[in-house]
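# What the coordinates show
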Amino acid sequence: SRPARGSSGKMAAPVRRGSRGPEPGAAPYGNFPNYSRFHPPEGRLSLLPQGLLRSLFPAATRPLLGLDVGCNSGELSVALYQHLLGLQDSTSSPEPPAAGQELKLLCCDIDPELIRRAQQSSPFPASISFASLDIMDSRAREPFLSSYLERFGRSSFDIGFCMSVTMWIHLNHGDRGLLEFLALLASLCTFLLVEPQPWRCYRAAARRLRRLGRDDFEHFRSLQIKGDMAESVTRILTQQGAMELVCSFGSTPWDRSLLLFRSTRAHPRG
C-alpha cells in the first residue's frame, strides 16, 4: 500500500474525497495521501541495523547513490536517509556538510501531487531529489535515470529501495510487469532493499476497488505469481536477476518482510 508505481503512460487517478477524507481504494497505484500515518517509518527503520551503509560499503570514497522507487510524499525516504547516515531524528536540524558527500538519494513516484509535497517538505534538498516518474514507462525512465547517473559519472546506483511497491506494479502490469520491474531494479542497483506486500494485501486492494463500484484491477484474476510473495520476489531476483539474498531483517508491525539483496554481477565493492 505505499507509493505510486506506474502505469504505462497513465497518471494516477484522482483521490476521491468524502466527509471522512480520502478513500484509500481510490489510489490504484498505491499513491495514498498521508501514507506514513498508516505505516510509520519507524516500523521499518527499527529493523535496520545502525551503520548498515558503512558495513555494505566500507571503502566508499565518493558519494553513494540511492534510488527510492515509489516514494509517496517522501516521509520514509527522508527517514531512511537520516537512519542510514546516523543523523538526528529531528528533521528540523540542518544537514551536516559531510552528509551530502556520503549519500545522494533519488526518489520517484508516479503521483506529481505527492512529489510536490515531498519537495516542499524535504529538509535535505541538497542530497535528496524528488521526481515525478512512471518507472514502468521506459521512454520517460531511461533518459531521466541516465541523466541523473551521468551527473556523477555513474551507470548504476549503489543501493535501491522498493518499499511496499511490488504489489502495485503487479496489479497494474501483471506477472510480466512484475518480472520486468524486478529485472530493472536488479540491473540498476548493487544492493536492493525490498518490502514485498503479502498476497492478502492483493485481495484487500481488490476488495477496496469493488466496494467503490470500480472495475477490478485488470490483471488481478489472471496472475500466476501468487501465494508467498516474499518467496516469489526472492526467487525472481535470485534466479533471474543475478542477485543473492544477503539478509532478511524480519517483519514490520504490519507483517511484511524486509529483504536485502546484492548483485552477483562484477562489482568492486561490498
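Quick note: structure is the one above.
Now for a look at the structure at hand. Not measured: the values here are computed from a predicted model.

### What to know about the nonpolar core
I135, F157, L171, F181, Y202 and L237 are the most contacted members of the largest nonpolar core, which totals 46 residues. Setting aside anything within four residues of it in sequence, one finds Y202 in contact with T166, M167, H170, L171, Q197, F220, L223 and M229. Counting residues in hydrophobic clusters, the runner-up holds 32 residues, among them A79, L85, F130 and F249.

### Examining the sheet that holds strand β4 (residues 103-109)
Backbone-to-backbone hydrogen bonds join strands into a sheet, with any given pair of strands oriented parallel or antiparallel. Across the sheet, which stays open at both edges, the 7 strands sit in the order β5-β4-β3-β6-β7-β9-β8 with mixed pairing between neighbours. In the strand order of this sheet, the two ends are held by β5 (128-132) and β8 (243-251), each with one partner. Direction aside, neighbouring strands of the sheet carry axes that sit 15° apart on average. The pairing of β4 with β5 spans 5 bridges and is classified as parallel. Each bridged residue has a counterpart across the sheet, and for L105 the counterpart in β5 is I128. Together, β4 and β5 form the strand contacts of helix α6 (residues 112-121), whose direction differs from that of β5 by roughly 160°. Against the sheet, helix α10 (residues 229-239) contacts β7 (189-195), β8 and β9 (257-263), and its axis sits at roughly 5° relative to β9.

### A closer look at the side chain of S73
Summarising the element assignment, S73 is placed in the loop between β3 (64-69) and α4 (75-85). The class of S73 is buried, set by a relative accessible area of 2%. Reaching out from S73, the side chain makes a polar contact with the side chain of N72 at a distance of 3.2 Å. If near-sequence neighbours (up to four positions away) are discounted, S73 is found in contact with L114, R117, A118 and S121.

### Regarding the pattern of salt bridges
Taken as a whole, this structure holds 13 salt bridges when the rule is applied. Here R141 ties to E142 by a salt bridge, and the two come within 3.4 Å at their closest N and O atoms. Classification of E142 by relative accessible area gives partly exposed; the value is 46%. Put simply, R262 and E244 hold a salt bridge, and the shortest N to O gap is 2.8 Å. With R262 in strand β9 and E244 in strand β8, this residue pair connects regions lying 18 residues apart in the sequence. Note on E244: relative accessible area 33%, which makes it partly exposed. One network of salt bridges, in which partners are shared, links R62, R154 and D158.

### Quick word on the environment of L65
With respect to the secondary-structure elements, L65 resides in strand β3. C-alpha of L65 to C-alpha of S127: the two residues are 62 residues apart in sequence and 9.8 Å apart in space. What L65 contacts, discounting residues up to four positions off in sequence, is L103, K104, L149, F152, R154, S156, F157, D158 and I159.

What counts, and at which threshold
- Residues numbered from 1 in each chain as written.
- Predicted model: local features only at pLDDT ≥ 70, side-chain atom pairs only at ≥ 80, totals over all residues.
- Heavy atoms only, no water.
- Core = buried A, V, L, I, M, F, W, Y, C linked by side-chain atoms within 4.5 Å.
- Buried < 20%, exposed > 50% of the residue type's maximum accessible area, 1.4 Å probe, protein only.
- Contact = heavy atoms within 4.5 Å.
- Pairing = 2+ DSSP bridges.
- Helix = DSSP H or I, 4+ residues; strand = E, 2+ residues; numbered from the N terminus.
- Axes fitted to C-alpha atoms, helices over the stretch in contact; angles between N-to-C directions.
- Polar contact = N/O pair within 3.5 Å; in protein donor to acceptor, adjacent residues only side chain to side chain.
- Salt bridge = Lys/Arg side-chain N within 4 Å of Asp/Glu carboxyl O.

By themselves, these are just geometric observations and shouldn't be taken as functional.
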